[in-house]
Amino acid sequence: MSVMVARKKVVRKWEKLPGRNTFCCDGRIMMARQKGIFYLTLFLILGTCALFFAFECRYLAVQLSPAIPVFAAVLFLFAMATLLRTSFSDPGVIPRALPDEAAFIEMEIEATNGTVPQGQRPPPRIKNFQINNQIVKLKYCYTCKIFRPPRASHCSICDNCVERFDHHCPWVGNCVGKRNYRYFYLFILSLSLLTIYIFTFNIVYVALKSLKIGFLNTLKETPGTYPSMSLTVLTVLEVLICFFTLWSVVGLTGFHTFLVALNQTTNEDIKGSWTGKNRVQNPYSHGNIVKNCCEVLCGPLPPSVLDRRGILQQEESTAQEGSCPRGPGTQEPPTTQGPGQAQEGGMKQQDGSIPPPSAVPAPSLSDAEMPEEKQRTPGELPVPPPDAGRAEH
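Small disclaimer: the values here were computed from a predicted structure and weren't measured.

(A) Broad picture of the sheet that holds strand E6 (residues 134-141). Pairing is antiparallel across the open sheet formed by three strands, whose spatial order is E5-E6-E7. Bordering the open sheet on either side are strand E5 (126-131) and strand E7 (146-147), each of which pairs with just one other strand.

Rendered as structure tokens:
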């Protein structure tokens, strides 16, 4: 015989989250699906620093100071830590509305705007919100079915609404929002310092070598462990990577320093939200550079509202074939029951116990089962027992 067995399979919430994100380590790591440029970022940083530590640092530590490789190592570790923290964290994704919530919001919108005739464009779904005595418009997201909070925007690459959305950065493989912006800023700041540091000491290395053995001999010199590879090729490769990184990363750091001082996002700067034709002032700025920097970089970090590792339980029924085991002392139930047994089984109480004998009515006997002295003919009335009258009195 087949038996249906219900098994509960533990499912985490990150497995059911919509959007175009990738999760690793049971939902602890959250990234965008497009991670190719992120791997290129890791390769450039690790490759450049590996060449610098392998060749130039050893010579500079002996000739100048052993603090040179130590400080470079500190910058490298800090840059890698902030990069991974930016790439592997939730940038501030806002959960989508549940079906019931979305239906309720749609009803509210229809009740407010009324029915729109066919052929006419429906009015924009906007709510007004006041911040620091200034009206800010909250836009409706047709994908997430919510009115986005102030400064939030929908990322078309990750397909999520992100709180305090700054931009989507392919170099870190993630969106930059409210929960990881400070780590992104610290990453580009530390990477700028590391790039300047390596670029400067590469030039110092070539200058020191040229003073001792000449510039041409320095170009021809090869390391002892790799005689087929010229140090010039390695040094020039490092210098080129650092040179092009300086223009991009250092410039990006300066731009974001300007935004932090104004308490503004890249998305707001590109759209001209506070510098457009209306000349609306930024309601989030405190009018003080120090206060703005403290709020953006040192303010309390909000927790993630996704609950990625929360548990969802789903029941799965599977059929199994086999006979039901019986104990050695068990007996098979009788196939037929007499009238007395059927009545006795029906008189069991709800708790499984049998009622006392006084409460069980005696089974009625047919005429064939009566004794001879108590049998009667058809039409004869039953004769009451002699004690019946006494019992009534």
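(B) Summary view of helix H1 (residues 36-63). With 28 residues, H1 should cover 40 Å at 1.5 Å per step; its first-to-last C-alpha distance of 40 Å lies within 8% of that length. Taking the largest bend as the criterion, H1 deviates by roughly 45 degrees, centred on Glu 56. Taken together, the buried positions of H1 are Phe 38, Thr 41, Leu 42, Ile 45, Thr 48, Cys 49, Phe 52, Phe 55, Glu 56, Cys 57, Tyr 59 and Leu 60.

(C) Representation of a nonpolar patch on the surface. On the surface, Ile 37, Leu 40, Phe 43, Leu 44 and Trp 171 cluster together to form a nonpolar patch covering roughly 480 Å² of accessible area. Looking at the secondary structure, you find Phe 43 in helix H1. Owing to a relative accessible area of 59%, Phe 43 belongs among the exposed residues under this scheme.

(D) Structural view of the pairing of strand E2 (residues 21-24). Side-chain alternation along E2 places Asn 21 and Phe 23 on a buried face and Thr 22 and Cys 24 on a face that remains uncovered. With four bridges connecting them, E2 and strand E3 (residues 29-32) associate as antiparallel partners. Note on E3: the bridge partner recorded for Phe 23 is Met 30. Where E2 folds back on E3, the antiparallel hairpin that results is connected by four residues, among which Cys 25 adopts a positive phi of roughly 55 degrees.

(E) The sheet that holds strand E8 (residues 153-155), seen in detail. Spatially, the three strands line up as an open sheet ordered E4-E9-E8, and their pairing is antiparallel. With one partner strand each, in any of the chains shown, strand E4 (93-94) and E8 form the two edges of the open sheet. Sheet analysis places E8 next to strand E9 (residues 160-162), joined by three bridges and oriented antiparallel. Along E9, the bridge assignment pairs Cys 155 with Asn 160.

(F) Region of the structure containing the UniProt feature "transmembrane region" (unreviewed entry) in the protein. Taking the UniProt record as the reference, the feature "transmembrane region" (unreviewed entry) is found at residues 37-55, 67-84, 183-208 and 228-250. Secondary structure content for residues 37-55 is 100% helix and 0% strand, and the end C-alpha separation is 27 Å. Secondary structure over residues 67-84 splits into 100% helix and 0% strand, and the C-alpha atoms at its two ends are 26 Å apart.

(G) Structural context of the environment of Val 10. For Val 10, the location among the structural elements is in strand E1 (residues 2-12). Relative accessible area serves as the criterion here: at 48%, Val 10 is assigned to the partly exposed category. As a C-alpha pair, Val 10 and Gly 310 span 300 residues in sequence and 10.0 Å in three-dimensional space. Those residues in contact with Val 10 that sit more than four places away from it in its chain are Ile 311 and Leu 312.

(H) Here's a closer look at helix H2 (residues 67-87). Here H2 is 21 residues long and its end C-alpha atoms lie 30 Å apart, about the 30 Å a rise of 1.5 Å per residue gives. When we look at burial in H2, the residues that qualify are Ile 68, Pro 69, Ala 72, Leu 75, Phe 76, Ala 79, Met 80, Thr 82, Leu 83, Thr 86 and Ser 87. The buried residues of H2 all sit within an arc of 170 degrees when viewed along its axis, so they share a single face. Relative to its buried face, H2 has exposed residues pointing more than 90 degrees away, namely Val 70 and Leu 77.

(I) Structural view of the pattern of salt bridges. Applying the stated criterion to the full structure yields six salt bridges. The residue Asp 159 makes a salt bridge to Arg 96 at a minimum N-O spacing of 3.1 Å. Here Arg 96 lies in the loop between E4 and helix H3 (99-113) and Asp 159 lies in the loop between E8 and E9, a separation of 63 residues in the sequence. What makes Arg 96 partly exposed here is its relative accessible area of 25%. Across the pair Arg 151 and Glu 268 runs a salt bridge, and its minimum N-O distance is 2.9 Å. Of the two residues, Arg 151 is situated in the loop between E7 and E8 and Glu 268 in helix H7 (residues 266-271); the sequence distance between them amounts to 117 residues. A relative accessible area of 6% places Glu 268 in the buried class. What you see here is one network of salt bridges that share partners, running through Arg 12, Asp 26 and Arg 309.

(J) Examining the state of the cysteines more closely. Summed over the entire model, instances satisfying the criterion amount to zero disulfides. Of all cysteine sulfurs, the one in Cys 175 lies closest to Cys 158, which takes part in no disulfide; the gap is 3.5 Å. With no disulfide of its own, Cys 161 lies 3.5 Å from the sulfur of Cys 141, the closest cysteine sulfur. With a relative accessible area of 0%, Cys 161 lands in the buried category.

(K) Molecular detail of the packing of aromatic side chains. In the structure shown here, the tally under the stated rule is 13 aromatic pairs. A ring pair is formed by Phe 38 and Phe 88, whose centres lie 6.1 Å apart and whose planes are at 65 degrees; its orientation type is edge-to-face. In this pair, Phe 38 is assigned in helix H1 and Phe 88 in the loop between H2 and E4, connecting sequence segments 50 residues apart. For Phe 38, a relative accessible area of 3% translates into the label buried. The class of Phe 88 is partly exposed, set by a relative accessible area of 27%. Residues Tyr 140 and Phe 147 carry aromatic rings whose centres are separated by 5.2 Å and whose planes lie at 65 degrees to one another, so their mutual orientation is edge-to-face. Taken together through their ring pairs, the aromatic side chains of Phe 38, Tyr 39 and Phe 88 make up a single cluster.

Cut-offs used in this document
Each chain has its residues counted from 1, running along the sequence as written. The model is predicted, so local features are restricted to residues of pLDDT at least 70 and side-chain atom pairs to those at 80 or more, both for listing and for counting; the totals for chains, interfaces and linings are taken over all residues. Excluding hydrogens and water, the side-chain values take into account all heavy atoms of the structure. Strand pairing is assigned whenever DSSP identifies at least 2 bridges connecting the two strands. Helix and strand assignments follow DSSP, with helices taken as H or I runs no shorter than four residues and strands as E runs no shorter than two, numbered in order from the N terminus. How far a helix is expected to stretch is found by multiplying one less than its residue total by 1.5 Å. The bend at a residue is defined as the angle formed between two axes, one fitted to the seven residues ending at that residue and one fitted to the seven starting there. Only protein chains enter the accessibility calculation, which uses a 1.4 Å probe; a residue whose area is less than 20% of its type maximum is buried, one above 50% is exposed, and one in between is partly exposed. Within the patch definition used here, like charges are joined within 9 Å and nonpolar side chains (Val, Leu, Ile, Met, Phe, Trp, Tyr) within 5 Å, considering only residues with over 30% relative accessible area and no salt bridge. In this description, accessible areas are obtained by the Shrake-Rupley approach with a 1.4 Å probe, and a residue is regarded as covered only by the protein chains that are shown. Salt bridges are defined by distance alone: a side-chain nitrogen of Lys or Arg within 4 Å of a carboxyl oxygen of Asp or Glu. UniProt positions are given in the numbering used here, feature names are shortened, and annotations may be inferred rather than shown by experiment. Residue contacts are defined here by distance: any two heavy atoms, one from each residue, within 4.5 Å place the two residues in contact. Relevant arc is that of directions from the helix axis to the C-beta atoms, nothing else. By convention in this document, the label disulfide applies to cysteine sulfur atom pairs within 2.5 Å. Aromatic pairing here means that ring centres of Phe, Tyr or Trp (its six-membered ring) are within 6.5 Å. Orientation follows from the plane angle: under 30 degrees is stacked, over 60 is edge-to-face, and everything else is tilted.

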